[in-house]
Amino acid sequence: MYFINTIVAALALAANTFAAPTELLMPRQGYISTCDATYTVVSGDTCIAIINKEGNTFTLAQFYSWNPQVNSGCTNLYPGELVCVGVATTTGCPAPTEPGIAANCDSCYTVVSGDTCLSITQPRGISLSDFYAWNPSINSGCTNLQPGYNYCVGV
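Computed from a predicted model, the values in this text were never measured in an experiment.

## Brief notes about the overall build of the protein
Phase 1 of the analysis: Looking only at helices and strands, the protein has five helices and four strands in total.
Phase 2 of the analysis: The N-to-C order of helical and strand elements in the protein reads α-β-α-α-β-β-α-α-β.
Phase 3 of the analysis: When the 155 residues of the protein are sorted by exposure, 32% land in the buried category.
Phase 4 of the analysis: For the protein, the share of sequence-separated contacts (at least 6 apart) that also reach a separation of at least 24 residues comes to 62%.
Phase 5 of the analysis: Only carbon and sulfur atoms are counted for the fraction: they give 60% of the accessible area of the protein, which is about 9200 Å².

Structure, rendered in structure tokens:
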């Protein structure tokens, strides 16, 4: 009888120790207000995996800027959480575009491999200073143009 009482007591202790949580775990939401497309995180997702699942239509920098709640190592994504994967375009340029493109842009150019800032601006008669102002994501050496992305070439 002692043996049965011990087993019952042990099972009761285990049931109390390993009880399921009673609080409901809720996913965080924290994407920007201009977000117009979301993705529901699933187990095993990473930021790069989400970008790939969405067809590589935006950059990691854009993902982070649209989802300020996601840390820079992308280690705090939770299954069930909604993240932003697209924003309302306020320019005349179709996605993908780099962040900060001129809101009043009315002429766009899609970069191809081998393009430089000069090869884009000179044939169109626009100054480099205007091109940089309309596309503030471009660095001063113009070494970060992204093939397939649209850049503003006129306002």
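## Points about the environment of Ile101
Phase 1 of the analysis: Its place among the elements puts Ile101 in the loop between strand E2 (82–87) and strand E3 (107–110).
Phase 2 of the analysis: Given the relative accessible area of 13%, Ile101 is considered buried.
Phase 3 of the analysis: Spatially, the C-alpha atoms of Ile101 and Asn150 are 9.3 Å apart, while their sequence positions differ by 49 residues.

## Points about empty space enclosed by the protein
Phase 1 of the analysis: As enumerated under the stated definition, the model contains one cavity of 30 Å³ or more in all.
Phase 2 of the analysis: Of the pockets and cavities examined, the largest cavity occupies roughly 30 Å³.
Phase 3 of the analysis: Lining the largest cavity, in full, are Glu98, Pro99, Gly100, Ile101, Asn135, Pro136, Ser137, Asn150 and Tyr151.
Phase 4 of the analysis: Residues that form the lining of the largest cavity fall into these classes: four nonpolar, four polar and one charged.

## Some details on the state of the cysteines
Phase 1 of the analysis: Tallied over the entire structure, the rule returns five disulfides.
Phase 2 of the analysis: Each disulfide pairs two cysteine sulfurs, and for Cys47 the partner residue is Cys74, the sulfurs being separated by 1.8 Å. Taking the torsion about the S-S bond as the criterion, the Cys47 to Cys74 disulfide, at about 95 degrees, is right-handed. Here Cys47 is found in helix H2 (residues 47–53), whereas its partner Cys74 is found in the loop between helix H3 (60–66) and E2, with 27 residues between them in sequence. Residue Cys47 shares its accessibility class with Cys74, and that shared class is buried.
Phase 3 of the analysis: Listing the disulfide partners of the protein by sequence rank of the bonded cysteines yields 1-4, 2-3, 5-7, 6-10, 8-9.

## Re the pattern of salt bridges
Phase 1 of the analysis: Under the counting rule described, the total for this entry stands at one salt bridge.
Phase 2 of the analysis: In this structure, Lys53 engages Asp45 in a salt bridge whose closest nitrogen and oxygen atoms are separated by 2.6 Å.
Phase 3 of the analysis: Looking at Asp45, the relative accessible area reads 10%, which means it is buried.

## A word on the side chain of Gln62
Phase 1 of the analysis: Looking at where Gln62 falls in the secondary structure, it is placed in helix H3.
Phase 2 of the analysis: On the basis of relative accessible area, Gln62 is assigned to the buried category, the value being 5%.
Phase 3 of the analysis: Among the polar contacts made by the side chain of Gln62, one reaches the main-chain amide nitrogen of Thr59 at a distance of 2.8 Å.
Phase 4 of the analysis: In this view, Gln62 contacts Thr97, Glu98, Pro99 and Tyr149; residues no more than four positions away in its chain are not counted.

## Describing unusual backbone geometry
Phase 1 of the analysis: Phi is positive for Asn56, which is not a glycine, with a value near 55 degrees.
Phase 2 of the analysis: Classification of Asn56 as partly exposed rests on a relative accessible area of 46%.
Phase 3 of the analysis: Residue Cys142 is not a glycine yet carries a positive backbone phi of 55 degrees.
Phase 4 of the analysis: By relative accessible area, Cys142 is classed as buried at 13%.

Each value, and the rule that gives it
- Residues numbered from 1 in each chain as written.
- Predicted model: local features only at pLDDT ≥ 70, side-chain atom pairs only at ≥ 80, totals over all residues.
- Heavy atoms only, no water.
- Helix = DSSP H or I, 4+ residues; strand = E, 2+ residues; numbered from the N terminus.
- Buried < 20%, exposed > 50% of the residue type's maximum accessible area, 1.4 Å probe, protein only.
- Contact = heavy atoms within 4.5 Å.
- Areas by Shrake-Rupley, 256 points an atom, 1.4 Å probe, with all protein chains shown as cover.
- 1 Å grid on protein atoms, 1.4 Å probe; cavity = no way out; pocket = protein on both sides within 12 Å on 5 of 7 lines; lining within 4 Å.
- Points joined across faces, edges and corners; volume = space filled by probe spheres on them.
- Nonpolar A, V, L, I, M, F, W, Y, C, P; charged D, E, K, R; others polar.
- Disulfide = S-S within 2.5 Å.
- Salt bridge = Lys/Arg side-chain N within 4 Å of Asp/Glu carboxyl O.
- Polar contact = N/O pair within 3.5 Å; in protein donor to acceptor, adjacent residues only side chain to side chain.

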